[in-house]
Amino acid sequence: MANYPAKVNIYEVGPRDGLQNEKVTVPTQAKINYINLLSAAGLPYIEATSFVSPKAVPQLGDASEVMSGIERRAGTRYPALVPNVRGMQRAIDAGVRDIALFTAASESFTKANINSTIQESLDNFKPVVEFAGEHDVRVRGYVSSALGCPYEGAVPIQKVHQVTLALLDLGVWQVSLGDTIGVGTPNQVEDLLALLLKDVPAASLAVHFHDTRGTALANVLTALQMGISTVDASAGGLGGCPYAPGASGNLSTEDLLFMLNGMGIETGVDIDKVAAASQSILQVLGKPAASKYLQACVAGG
Ligand code: HMG
Ligand code: MG
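Since this is a predicted model, take the numbers as computed values, not measurements. (Residues numbered from 1 in each chain as written. Chains lettered and ligands numbered in written order. Predicted model: local features only at pLDDT ≥ 70, side-chain atom pairs only at ≥ 80, totals over all residues. Heavy atoms only, no water.)

**Side note on the pairing of strand E9 (residues 230-233)**
Going by this rule: The cut-offs for exposure are 20% and 50% of the maximum accessible area for each residue type, with area from a 1.4 Å probe on protein chains only; residues under the lower value are buried, those over the upper are exposed, and the others partly exposed. Helix and strand assignments come from DSSP, with helices taken as H or I runs of at least 4 residues and strands as E runs of at least 2, each series counted from the N terminus. The pairing criterion for strands is at least two bridges between them, as found by DSSP. Clockwise travel from the first strand over the helix to the second, with the strands pointing away from the viewer, marks a crossover as right-handed.
Neither face of E9 is exposed, since Thr230 and Asp232 on one face and Val231 and Ala233 on the opposite face are all buried. Alignment of strand E1 (residues 9-12) against E9, held across four bridges, turns out to be parallel. Each bridged residue has a counterpart across the sheet, and for isoleucine 10 the counterpart in E9 is valine 231. When strand E8 (residues 205-209) meets E9, the two strands line up parallel, connected through two bridges. Bridged to histidine 208 within E9 is aspartate 232. Viewed along the sheet, the connection from E8 through helix H9 (residues 216-225) into E9 turns out right-handed.

See the structure below:
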């Protein structure tokens, strides 16, 4: 077998990426229950919510209530998305200890998503990172449209490299490479990572694949072969960005876990408990299971 990492850290994004794109208004208490069930599964990271403008993403307008309502398990970190100093202040007030900043490798997506150019977004992040430092808050970064843009199509890997290095220079501890609209294929992942890994240690990179066209697990496998050991995933396979037309669910945490368990790669996460969390939120949303694992469970497999 190829050289895979012995342990993979799963960075759960269901409560944030999953719920930001849902039409149904999910009651705050249902979000809190979902996060508590995910905590019980032993996930090391659960991206719990987002302190963006509630006008931009009304679905997560209850970020402060969610953060103050969840039970924080020792061993789990609960990052939240933050776009600016205003969001950082709200996050600090809600007791957030980890944040994630987000920009992109294509100008049109950055404009649609956060109403700025890529350079402006990086400039806007500087005071947020300083603010975070004063409060001992850890900062992660996302580079969206890393494998393709909903508006521009192909994105040069050199651009992803440039934005990734700029975020690391600002002081983020890890950059997650987002295939926002799920158009990437393993050869692209290999080319991008080969370029990045010349300058960046593998531990400073994560992968974030939406499974829109069914390539997410193949892309993860490629990333693992190249030494990446943090993988973002969403319980139930929920997910999508309201500002990326065509973006659909993230790689589901259950499908990722099923593959990693079968390969003998340690995660510390209980797949049955993740499945229970997914079922709880899918019931609220009135949706069928998006993950293959849950579909197989429902079918009695
Ligand atoms: P803007 O309109 O350019 O900025 O939005 P603004 O400063 O003029 O603010 C507009 C209004 O929002 C003002 O209110 C502000 O006070 C308020 P008004 O004066 O009109 O009453 N406001 C805020 N309120 C609460 N909290 C805040 C905040 N900021 C401003 N933090 C902005 C710029 C960035 C704020 C906006 O575009 C925004 O919030 N965008 C977020 C978009 C978003 O959340 N997208 C989804 C997440 S990214 C993603 O899903 C990709 C990822 O998963 C990786 C991948 O898949 O690739 C991470
Ligand atoms: Mg995403």
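**Some details on the coordination of the magnesium ion (ligand 2)**
Basically, it comes down to this: Here the term donor refers to an N, O or S atom within 2.8 Å of the metal (or 3.2 Å for Na, K and Ca), and because water is left out of the atoms, sites may appear incomplete.
Protein-derived ligands of the magnesium ion (ligand 2) are Asp17 (OD), His208 (NE2) and His210 (NE2), with the metal-ligand distances lying across 2.0 to 2.3 Å. Ordering the donors of the magnesium ion (ligand 2) by residue number gives the pattern D-x190-H-x1-H. With aspartate 17 in helix H1 (residues 14-18) and histidine 210 in the loop between E8 and H9, this pair connects stretches of sequence that are 193 residues apart. When its relative accessible area of 2% is taken as the criterion, aspartate 17 is described as buried.

**A look at the packing of aromatic side chains**
Here is the rule we go by: Think of it this way: a Phe, Tyr or Trp ring, Trp meaning its six-membered ring, pairs with another when their centres are within 6.5 Å, and the plane angle makes it stacked under 30 degrees, edge-to-face over 60, tilted otherwise.
Under the counting rule described, the total for this entry stands at three aromatic pairs. Between the aromatic rings of tyrosine 45 and tryptophan 173, the centroid separation amounts to 6.1 Å while the plane-to-plane angle is 25°, which identifies the pairing as stacked. Here the residue tyrosine 45 occupies a position in strand E2 (residues 45-46), and tryptophan 173 occupies one in the loop between helix H7 (157-170) and strand E7 (174-179), the gap between them amounting to 128 residues. For tyrosine 45, a relative accessible area of 12% corresponds to the buried category. Their ring planes at 40° and their centres at 5.9 Å tell us that phenylalanine 258 and tyrosine 293 sit as a pair that is tilted. In this pair, phenylalanine 258 is assigned in helix H10 (residues 253-262) and tyrosine 293 in helix H12 (residues 292-298), connecting sequence segments 35 residues apart.

**Some points on the nonpolar core**
The tendency in soluble globular proteins is for nonpolar side chains to be buried side by side. So the rule is basically this: In this text, buried Ala, Val, Leu, Ile, Met, Phe, Trp, Tyr and Cys residues form a nonpolar core when linked through side-chain atoms within 4.5 Å. We call two residues contacting when some pair of their heavy atoms lies within 4.5 Å.
Judged by nonpolar contacts, the single largest core of 101 residues is most densely connected at Phe51, Met88, Ile99 and Leu224. Non-local contacts of phenylalanine 51, meaning those with residues more than four positions away in its chain, are made with Ala63, Ser64, Met67, Ala80, Leu81, Val82, Pro83, Gly87, Arg90, Ala91, Ala94 and Val96.

**Considering the site of ligand 1**
Our working definition: We call a residue near a given molecule or strand whenever any one of its heavy atoms falls within 4 Å of it. Pairs of N or O atoms within 3.5 Å make up the polar contacts considered here, provided that, within protein, one atom can donate a hydrogen while the other can accept it, and that residues adjacent in sequence are counted only when both atoms are side-chain atoms. Using the Shrake-Rupley algorithm and a 1.4 Å probe, accessible areas are obtained, with residue cover drawn only from the displayed protein chains.
In the vicinity of ligand 1, 28 residues are found, and the nearest of them are Lys55, Arg86, Asn115, Ser144 and Thr180. In this structure, asparagine 115 approaches ligand 1 through a side-chain N or O atom, which is 2.6 Å from an oxygen atom. Measuring from an oxygen atom of ligand 1, one finds a side-chain N or O atom of histidine 208 at 3.0 Å. Against a free-state accessible area of 1100 Å², the protein chains account for coverage of 73% of ligand 1. If you list the elements that add at least two residues to the shell around ligand 1, you get H1, helix H4 (85-93), helix H5 (107-114) and strand E6 (138-144). Take the shell around ligand 1: its biggest share by element is three residues, from H4.

**Some remarks on the side chain of aspartate 98**
As for its position among the elements, aspartate 98 is in strand E5 (residues 98-104). Ignoring anything within four residues of it in the chain, the contact list for aspartate 98 reads Arg77, Tyr78, Pro79, Ala80, Val137 and Arg138.

**Observations concerning the packing of H9 against H10**
Counted only if it meets this: The angle between two axes is taken between their N-to-C directions and runs from 0 to 180 degrees, where each axis is a line fitted to C-alpha atoms and a helix contributes only its stretch in contact. Orientation categories follow fixed angle ranges, with anything under 35 degrees roughly parallel, anything over 145 roughly antiparallel, 65 to 115 roughly perpendicular, and all other angles oblique. Helix crossings fall into two classes, left-handed where the near helix is turned counterclockwise from the far one by less than a right angle and right-handed where it is turned clockwise.
Here H9 crosses H10 at 45°, and the two axes come no closer than 11 Å. By the criterion of interaxial angle, the relationship of H9 to H10 is oblique. H10 is crossed by H9, and the crossing has right-handed handedness. Taking contact as the criterion, the partners of Leu217, Val220, Leu221 and Leu224 in H9 are, on H10, Asp255, Leu256, Met259 and Leu260.

**Notes on the side chain of threonine 215**
In this fold, threonine 215 is placed in the loop between E8 and H9. Non-local contacts of threonine 215, meaning those with residues more than four positions away in its chain, are made with Gly184 and Thr185.

**Description of H7**
Worth spelling out the cut-off: To estimate how far a helix should extend, the number of its residues minus one is multiplied by 1.5 Å.
Spanning 14 residues, H7 covers 20 Å between terminal C-alpha atoms, matching the ideal 20 Å at 1.5 Å per step. The secondary structure elements touched by the buried residues of H7 are E5, helix H6 (118-134), E6, E7, helix H8 (186-196) and E8. Immediately downstream of H7, the backbone of glycine 171 shows phi near 115°, a positive value.

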